[in-house]
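As a plain string of letters, each chain reads:
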Amino acid sequence: MVLSGPVARYAERVHGLVGGGHHVASPLGAWLLLALVAPAATGAARAEMEEALGTDAGRAADTAHTLLSAPHPLVASASALWERAAAEGLAGWRATLPASTATGPLPDQPTLDAWARERTLGLIERFPLTVSPETVLILATALATRVSWADPFQVASGHELGRGAWAGRLRHALRTPWHGHQCWIAATGRAGDVAVHAARARSEAVDGREAGMLVVSVAAEPDVPAADVLATAYEVAGEATTSRPGGPAGRRSLYDLPLGETALWTLREEPTRTYGGREERFSAVLPCWSAESRHDLTDRAFGFGAAARALGELMGMPALRYEAAQAATARYGRYGFEAAAVTAFAAATGLPPEGVARIAELRFGHPYAVVAVTTDTRDGLPAGPWHGLPVYSAWVAEPSELPEADLANPPTSF
């Protein structure tokens, strides 16, 4: 499945509802979370989730499974499901989650915060949702990136940002190096002519492949709505990763543009020696930037209301309340780029009546017996002679120390 289209459409929902203020988000992180719940849905809830996902539930879940099970070398990823009690009605859906998904009982808030920090390279300090006595489950995804540019920026004066508002506010800006970065002007349908810059991260070789990242910046005229520029940036970034003769789609020749200064570029001519008779040169000046955001994803447009209904039906709790939120951060600088997002979905019900729980912790602290029995069933019924057959047995009277290698998580050997 080509995921860029569905995620780009989901991103337009996210950024459209967030608005045009300074922010950072990971629409992919939210899309993955919704896709993990999708197999649980039927009927109207499934249709609503598929409409938000931009594809059918099975295909979305398979794609999420693939991405989370085999993450990109430059994008750390994680998912987790925590439940107050392991609901039997969720067993079938739970089995569809990637094997890498952490599962267990609902943790306390400090443990949730620690999970967010550990899964985002320390970039997200706090989990975006709060666990309460009414919370019955939390599902979360985390994505994190910390990369160095293959070719770092040079330093420029802030005045070189042109005639925009930032030129007088910043002392320093970033200028593209002599080589290694890509710059062009593109004609687009929604944002008109835009200025494009692409910085390439230092890549990693994995199994004979090269894993990398391209961070693409797109600027339009100041009066173009933010939603149109963001949607255009998704399109341009996708094109930037595709090699084609003549460069990315929509690339404008500088000889088709008038000389002079605009809000997006300055274009001039100067004599040079070149075999082709004429040539085109590009450079770019950008600001450093950073952003931290928290986004409320409870709006119906994001699909998590349908997710709550789907899980509630499986649990026999059709009136589940829910919250969905994302914490995101990013920093763009001279030497590299880092970003992370934790997206969380929590379902809650009313408090059950007060009662008493007795909890036993069993301890095998003296000699005991062990018997290994085989099973062979079909539809839950015995289906062969091996069913119920004791194959191995032992009397444990001399316990062993845990091997040093097994202290690793995951263990380095069996």
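Just above sits the structure.
So, how was this worked out
Residues numbered from 1 in each chain as written. Predicted model: local features only at pLDDT ≥ 70, side-chain atom pairs only at ≥ 80, totals over all residues. Heavy atoms only, no water. Pairing = 2+ DSSP bridges. Helix = DSSP H or I, 4+ residues; strand = E, 2+ residues; numbered from the N terminus. Salt bridge = Lys/Arg side-chain N within 4 Å of Asp/Glu carboxyl O. Buried < 20%, exposed > 50% of the residue type's maximum accessible area, 1.4 Å probe, protein only. 1 Å grid on protein atoms, 1.4 Å probe; cavity = no way out; pocket = protein on both sides within 12 Å on 5 of 7 lines; lining within 4 Å. Points joined across faces, edges and corners; volume = space filled by probe spheres on them. Nonpolar A, V, L, I, M, F, W, Y, C, P; charged D, E, K, R; others polar. Phe/Tyr/Trp six-rings, centres within 6.5 Å; stacked < 30°, edge-to-face > 60°. Lys NZ or Arg CZ within 6 Å of the ring centre and 35° of its normal.

Engineer: Hey, could you run me through the sheet that holds strand S5 (residues 172-175) in this one?
Structural biologist: Paired through their backbone hydrogen bonds, the strands of a sheet run either parallel or antiparallel. Taken together, the three strands give an open sheet; going across it, the order is S4-S5-S13, and neighbouring strands pair in antiparallel fashion. In the strand order of this sheet, the two ends are held by strand S4 (154-157) and strand S13 (285-286), each with one partner. As paired elements, S4 and S5 share four bridges and run antiparallel to each other. Looking at S5, one finds that Ala-156 is bridged to Ala-173.

Engineer: Is there a simple way to explain the pattern of salt bridges in this structure?
Structural biologist: Any two side chains of opposite charge can pair if their charged atoms end up close together. Per the stated rule, a full pass over the model turns up 18 salt bridges. A salt bridge links Glu-48 to Arg-300; the shortest N-O distance between them is 3.3 Å. Residue Glu-48 is located in helix H3 (residues 43-53), and its partner Arg-300 is located in the loop between strand S14 (289-296) and helix H8 (304-315); the two are separated by 252 residues in the primary sequence. Under the relative-accessibility criterion, Arg-300 is labelled exposed at 62%. Among the charged side chains, a salt-bridge network with shared partners connects Arg-268, Glu-270, Glu-279 and Arg-281.

Engineer: Sorry if this is basic, but what is going on with empty space enclosed by the protein here?
Structural biologist: Think of a ball as big as a water molecule: rolled over the atoms, this probe shows where empty space is left. Across all of its chains, the model carries one cavity of 30 Å³ or more by this definition. The calculated volume of the largest cavity comes to roughly 30 Å³. For the largest cavity, the full set of lining residues is Val-14, Ala-25, Ser-26, Pro-27, Ala-30, His-295, Leu-297 and Gln-326. A class-by-class count of the residues in the lining of the largest cavity yields five nonpolar, three polar and no charged.

Engineer: Sorry if this is basic, but what is going on with the packing of aromatic side chains here?
Structural biologist: A complete count under the given rule lists 12 aromatic pairs for this structure. In textbook terms, an aromatic cluster arises when at least three aromatic residues are bridged by ring pairs, as seen for Trp-149, Phe-153, Trp-289, Tyr-332 and Phe-337. Lying across the ring of Tyr-255, Arg-278 places its NZ or CZ 4.1 Å from the centre.

Engineer: Would you take a moment to explain unusual backbone geometry for this structure?
Structural biologist: Excluding glycine, residues mostly have negative phi values, and the peptide bonds linking residues are mostly trans. Unusually for a residue other than glycine, Leu-121 sits at a positive phi of about 60°. Tracing the sequence through the fold places Leu-121 in the loop between helix H6 (109-119) and strand S3 (135-148).

Engineer: What is the right way to read the layout of surface pockets from this model?
Structural biologist: The calculated volume of the second largest pocket comes to roughly 210 Å³. Taken together, 14 residues make up the lining of the second largest pocket; nearest its centre are Arg-84, Ala-85, Val-136, Met-317 and Thr-349. The residue makeup of the lining of the second largest pocket, split by class, is eight nonpolar, three polar and three charged.

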